[in-house]
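Each chain, letter by letter, is given below.
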Amino acid sequence: MIRLARITDRKKLKAFAGDGCLARNAKLLEHFYADANGSVDFNTPRSRQNWKPAKATLKQESSDKCAYCEAQTAVVAHGDVEHFRPKSQYWWLAYSYCNYTYSCQICNQSYKGDQFPVSGDRLEAPALPKKRPASDAKLLELAETFSLDPSSLTADQIATVLNKETKHLPDPYLEDPEELFAWEAIHETSEVWIRPNGSGKKAKNAYEAAESVLGLNRVELLNARWMEFNVIYSLAVVVQEAGLPADARQRIVNTMLASARPESPFAGMKRFYLREWGFLT
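Residues numbered from 1 in each chain as written. Predicted model: local features only at pLDDT ≥ 70, side-chain atom pairs only at ≥ 80, totals over all residues. Heavy atoms only, no water.

Engineer: I'd love a proper account of empty space enclosed by the protein, names of residues and values included.
Structural biologist: Within the structure shown, the criterion is met by one cavity of 30 Å³ or more. Considering only enclosed or pocket space, the largest cavity measures out at about 40 Å³ in volume. Around the largest cavity sit M1, P177, E178, F181, W183, G268, F272 and R275, which together line it. Residue assignment for the lining of the largest cavity shows that the elements contributing at least two residues are β5 (181–186) and α11 (267–276). At three residues, the largest contribution of residues to the lining of the largest cavity is made by α11. The residue makeup of the lining of the largest cavity, split by class, is five nonpolar, one polar and two charged. (1 Å grid on protein atoms, 1.4 Å probe; cavity = no way out; pocket = protein on both sides within 12 Å on 5 of 7 lines; lining within 4 Å. Points joined across faces, edges and corners; volume = space filled by probe spheres on them. Helix = DSSP H or I, 4+ residues; strand = E, 2+ residues; numbered from the N terminus. Nonpolar A, V, L, I, M, F, W, Y, C, P; charged D, E, K, R; others polar.)

Engineer: Could you give an account of the packing of aromatic side chains, with specific residues and numbers?
Structural biologist: Under the definition given, this model contains 20 aromatic pairs. Summarising the aromatic geometry, the rings of F16 and Y100 are spaced 5.9 Å apart at their centres and angled 80° between planes, so their arrangement reads as edge-to-face. Note that F16 is positioned in the loop between α1 (10–13) and α2 (19–35) and Y100 in strand β2 (residues 100–104), a separation of 84 residues in sequence. Note on F16: relative accessible area 2%, which makes it buried. (Phe/Tyr/Trp six-rings, centres within 6.5 Å; stacked < 30°, edge-to-face > 60°. Buried < 20%, exposed > 50% of the residue type's maximum accessible area, 1.4 Å probe, protein only.)

Engineer: For the nonpolar core, give the residues involved together with the corresponding values.
Structural biologist: L29, W91 and Y100 are the most contacted members of the largest nonpolar core, which has 83 residues in total. In this structure, Y100 is in contact with R6, F16, W51, A54, L58, V81, E82, H83, A94, Y95 and Y173, ignoring residues within four places of it in sequence. (Core = buried A, V, L, I, M, F, W, Y, C linked by side-chain atoms within 4.5 Å. Contact = heavy atoms within 4.5 Å.)

Engineer: Give me the lowdown on helix α7 (residues 155–162), citing residues and values where you can.
Structural biologist: Three or more residues of α7 are buried, namely I158, A159 and L162. An end-on view of α7 places all buried positions within 100° of arc, on one side of the element. Away from its buried face by more than 90 degrees, α7 exposes D156 and T160. (Arc of directions from axis to C-beta.)

Engineer: For the pattern of salt bridges, give the residues involved together with the corresponding values.
Structural biologist: Taken as a whole, this structure holds 18 salt bridges when the rule is applied. As a salt-bridge pair, E70 and K65 come within 2.5 Å of each other at their nearest N and O atoms. Each member of the pair, E70 together with K65, is buried. When salt bridges that share partners are traced, they join E30, R132 and D136 into one network. (Salt bridge = Lys/Arg side-chain N within 4 Å of Asp/Glu carboxyl O.)

Engineer: Mind laying out unusual backbone geometry, listing which residues take part and the relevant values?
Structural biologist: At the junction of T44 and P45, the peptide bond is cis and its omega measures out at -5° in the coordinates. Unusually for a residue other than glycine, K14 sits at a positive phi of about 50°. With respect to the element layout, K14 can be found in the loop between α1 and α2. Its relative accessible area of 66% is what places K14 among the exposed residues. Of note, the phi angle at F266 is positive, near 55°, even though the residue is not glycine. Positionally, F266 belongs in the loop between α10 (246–258) and α11.

Have a look at this one:
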């Protein structure tokens, strides 16, 4: 996982920003009052699952990669609009663009599902009147109390709202996952494993969630990461060769650095090793 940045252009976000954000959450309130059970059923009818228009922009933000495992979704699995905080537990965030990531179907459907481990209390649902407001205008006012508009709120402001609970999974939009994860290359088995970065509780929790909730040490990823690691490892060995011309050495170093750009698969892992080997600060 690497740090990602939200696109905040209202034209690109369309229905998820500005007045569209407010109208979408007003519709969510309609579902809430229709169901009258303290939550929202997003399966009946399925037309309530109207977050798919966010997919193209989310895909752009993550450079066509899964925001969790960093594999190219065109290669390993199709991408989903994934609710970082599960809509089954955080219904009021179901239409919030700030709660979406772009995830491969394996990380999302085969592993994460509705899992979202936290320490202590979860975020509280918005305090709502028992009955639907009498007018649509009042419903919009109520929707405004919990709407998170990505085009008008900064990342820090969004974090202030969402980080009131101690979640275990890092949010790649609100924190830097690279600070929490380390990597272990096992040459004997040609695998690269994700590990906690240090012994702190936050890193330990993030690692355990990455492994058990997202399956980031599943065998397919161990092998795929090794293939990418072995390339930069081999290049690093070549750079150390005595007598290598300076211009040739620099070309190789530039190649390694280019392989760790945000759009490259497993960039977080590559950056970890490039820093460890002294090629990246």
